[in-house]
Amino acid sequence: MRIAMVSEHASPLAVLGGVDAGGQNVHVAALSSALAASGHEVTVYTRRDDADLPERLAFVDNVEVVHVDAGPATPVPKDALLPHMRAFEEELVKHWGHGRPDIAHAHFWMSGLASLGAAGRVGVPTALTYHALGSVKRAEQGHKDSSPAERCLIEAMLAQRTDRLIATSNEEIFSLLRMGARPSSTSLVPCGVDLAHFTVEGPVHARSAARRIVVVSRLVERKGIGNVIEALPSVPGAELVIAGGPPWDQLDDDVEARRLRSIAADRGVEDRVQLLGRVERADLPALYRSADVVACTPWYEPFGLVALEAMACGVPVVASAVGGLIDTVVDGVSGVHVPPRRPDELARVLRGLFAAPAQLRTLGAGGARRAGQRYSWRAVAAETVDAYRATRAKVVEVVERVG
Ligand code: UDP
């Protein structure tokens, strides 16, 4: 198939470039590569945020990245990108007019908007992975949510009009149905993990004899890193290593890094908390392997790639029972679920695990098994293609019925 991936703010190139890429960049890069490896031809359309970027760039064999002119050729926060989506749509129409893809798979609601507009004009079936939902964000973040006011309305419109919605978790399916999505147009396809990169065996990041909790996360409040620090006084002797945010030498300028340090100082655990700053993907497996436990305790989480990466490295995950983490981390099999925003519960679970090394080993092995059996990108790509085929079959059926 000829697949157009549309990812307006999250370029797959950011993954290679070592920018502190979030889950969407990783997802688009890995899914596109896996689709190409199984014989499909993928073009990723992403916004040009640097004047020096070429229009087209080969990412891997059969995956090309196209930089779309929409808005200034400089970095623009994603919450300020909506006004540029009309221009993005126009560019997609031009590209697809020259060679129509078999499917347009948009990532994030703004890509969904631009793609739906362009696809309608050119006659291409559409699929959409939201990655995060405005309604969930608003409920969790309240006035701190900086998304455009129109986001929830547009997302609901997309839920009703996009040919195929690809949800990454069961919780998301329920949200989409509440937004008016038709069950017959909705597929559940999780994110995957690079099983050749995130492995049980391999180098291990240097560590002390202390029990080690590792967090790998963007430094944003809703990721609940502060809650892990708050748990630390009640987990005697354990150390917490946090990867993420800007490079190490720029952490002093990062608001969230400063907030986390001040929580650690307030709780008297600053000597047991280490912020590493951004860790390159190449170095992440060794860091995961050095952990007794990886903590993923966000307040909400559309999917949560870090939990999968840790599982693939054979490390137990203590995860908030929210969003995608409810599906990926199976309580008692690959980790333990805790309620979000409950440092006391988190501390109780961590103490219990650290007192039971055999259980840690069992959970680690359970996670590696689960990651291998369920979450290879190859399997995820095959399920994605099934969703595309269902979409195309349905579009043809509707066209025939109307015709
Ligand atoms: N990540 C990274 N280096 C870091 C911190 C994070 O490469 O220092 C990666 C991490 O390995 C994961 C992604 O960023 O692949 C974060 O994805 P996740 O779904 O957990 O959270 P998101 O950032 O999408 O909210």
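Note that the coordinates shown come from a computational prediction; the quantities given were computed from them, not determined experimentally.

## Observations regarding empty space enclosed by the protein
No. 1: All told, the structure shown has 3 cavities of 30 Å³ or more when counted by the stated rule.
No. 2: A volume near 130 Å³ is recorded for the largest cavity.
No. 3: Looking at the lining of the largest cavity, the element that brings in the most residues is helix α7 (residues 170-178), giving 3 residues.
No. 4: Looking at the lining of the largest cavity residue by residue, the class counts come to 5 nonpolar, 3 polar and 3 charged.

## Side note on the sheet that holds strand β2 (residues 41-47)
No. 1: Strand order in this open sheet of 8 strands is β3-β4-β2-β1-β5-β6-β7-β8, and the pairing throughout is mixed. At either end of the open sheet lies a strand with only one pairing partner, and these are β3 (56-60) and β8 (186-188). In this sheet, adjacent strand axes meet at a mean angle of 25° when their direction is disregarded.
No. 2: Direction of pairing for β2 relative to strand β4 (residues 63-68): parallel, over a ladder of 6 bridges. Looking at the pairing, Val 42 lines up with Val 63 of β4.

## So, the site of the ligand
No. 1: Taken together, 20 residues lie around the ligand, and Gly 23, Arg 218, Lys 223, Val 279 and Glu 309 are the ones closest in.
No. 2: Within the side chain of Arg 218, an N or O atom sits 2.7 Å from an oxygen atom of the ligand.
No. 3: At a separation of 3.4 Å, an oxygen atom of the ligand approaches a polar side-chain atom of Arg 281.
No. 4: Considered on its own, the ligand offers 540 Å² of accessible surface; in the complex 92% of this is hidden by protein.
No. 5: Every element with two or more residues in the shell around the ligand is listed here: α2 (23-37), α10 (284-289) and α11 (305-312).
No. 6: Top element by residues in the shell around the ligand is α11. It accounts for 3 residues.
No. 7: The class makeup of the residues in the shell around the ligand is 9 nonpolar, 4 polar and 7 charged.

## Some remarks on the nonpolar core
No. 1: If you look at the biggest cluster of nonpolar residues, it comprises 58 residues, and the most contacted ones within it are Leu 35, Leu 287, Tyr 288 and Val 294.
No. 2: At 8 residues, the largest contribution of residues to this core is made by α2.
No. 3: Residue contacts for Leu 287: discarding those within four places in its chain leaves His 205, Arg 212, Val 214, Val 216, Val 241, Ala 243, Leu 276 and Val 279.
No. 4: Counting residues in each nonpolar core, the second largest holds 36 residues, with Phe 88, Ala 114, Ala 159 and Met 179 among its members.

Cut-offs and rules
Residues numbered from 1 in each chain as written. Predicted model: local features only at pLDDT ≥ 70, side-chain atom pairs only at ≥ 80, totals over all residues. Heavy atoms only, no water. 1 Å grid on protein atoms, 1.4 Å probe; cavity = no way out; pocket = protein on both sides within 12 Å on 5 of 7 lines; lining within 4 Å. Points joined across faces, edges and corners; volume = space filled by probe spheres on them. Helix = DSSP H or I, 4+ residues; strand = E, 2+ residues; numbered from the N terminus. Nonpolar A, V, L, I, M, F, W, Y, C, P; charged D, E, K, R; others polar. Pairing = 2+ DSSP bridges. Axes fitted to C-alpha atoms, helices over the stretch in contact; angles between N-to-C directions. Near = heavy atom within 4 Å. Polar contact = N/O pair within 3.5 Å; in protein donor to acceptor, adjacent residues only side chain to side chain. Areas by Shrake-Rupley, 256 points an atom, 1.4 Å probe, with all protein chains shown as cover. Core = buried A, V, L, I, M, F, W, Y, C linked by side-chain atoms within 4.5 Å. Buried < 20%, exposed > 50% of the residue type's maximum accessible area, 1.4 Å probe, protein only. Contact = heavy atoms within 4.5 Å.

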